[in-house]
Amino acid sequence: MVKKTTAKKQTSKTAKKTVNASKAETKKTAKTAAPKQKPSKADKTVKLSRREKVFLAIKQNLIAQKESLLKEAEETLSALPSELNFPDMGDQATAETDRNFMLRLRDRERMLLKKIEETILRIDNNEDYGVCEECGNEIGIKRLEARPVATYCIDCKTRQEEEEKIAEG
Ligand SMILES: [Zn+2]
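Residues numbered from 1 in each chain as written. Predicted model: local features only at pLDDT ≥ 70, side-chain atom pairs only at ≥ 80, totals over all residues.

Take the overall build of the chain next. Secondary structure summary: the chain contains six helices and zero strands in total. Relative to its 169 residues, the chain shows a buried fraction of 7%. Within the chain, contacts between residues separated by at least 24 positions form 51% of all contacts whose residues are at least 6 apart in sequence. (Helix = DSSP H or I, 4+ residues; strand = E, 2+ residues; numbered from the N terminus. Buried ≥ 20, exposed ≤ 12 C-beta atoms within 10 Å, placed from the backbone. Contact = placed C-beta atoms within 7 Å.)

Ranked by size, the top nonpolar core spans eight residues in total: Phe55, Ile58, Tyr129, Cys132, Ile139, Leu144, Tyr152 and Cys153. In this view, Phe55 contacts Ile123, Tyr129 and Gly130; residues no more than four positions away in its chain are not counted. (Core = buried A, V, L, I, M, F, W, Y, C linked by C-beta atoms within 7 Å.)

What follows is about the confidence of the model for the chain. With 65% of its residues at a pLDDT of at least 70, the chain reaches an overall mean of 75. Within the chain, the lowest mean pLDDT, 48, falls on helix H1 (residues 2-33), and the highest, 94, falls on helix H5 (residues 141-146). pLDDT under 50 marks residues 24-34. Its contacts with residues more than four places away, or in other chains, come to zero contacts. Considering only residues more than four positions removed or in separate chains, one finds that residues 37-45, a stretch of pLDDT under 50, has one contact. (pLDDT = per-residue confidence, 0-100.)

Let's shift gears to helix H6 (residues 154-168). Compared with an ideal rise of 1.5 Å per residue, which puts 15 residues at 21 Å, H6 spans 21 Å between its outermost C-alpha atoms and is within 8% of the ideal. Burial of H6 is sparse: only zero of the 15 residues sit out of reach of the surface. (Expected span 1.5 Å × (residues − 1).)

The structure is reproduced here in structure tokens:
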């Protein structure tokens, strides 16, 4: 009688164990499928102000812009015609013009690229990004979204442009 009870107890215990094991398995699978994200990182995100959140979005955009610029520059460079490949003088002159045009274009791209990289660094280092170099006021979010590399607020920029116009006559 006593023996029988013990056996029954054992069986139910084993069954319970199996259930627990399969439960644990399910939990593990769900955890693996979810994207890796430490809770501490999530906490940090919550603490960000609206302005900081916009800065992060701007940074993401700048990184994407930088990548597409680099890709473009690479394609431009590989498309540059080599002077040696044009035995005819007329073709060579055309090729030279094309080459100069593309090099000038590349200069502009390089300058923009430099500005983008500087801006990304300023956001990363929290170095007064979004603060006007002239008056020290915050640059409006809308202006930063439209022109992330802006270093002057709209008032200072407008005044500068008016002064330039006057200087040009
Ligand atoms: Zn300003």
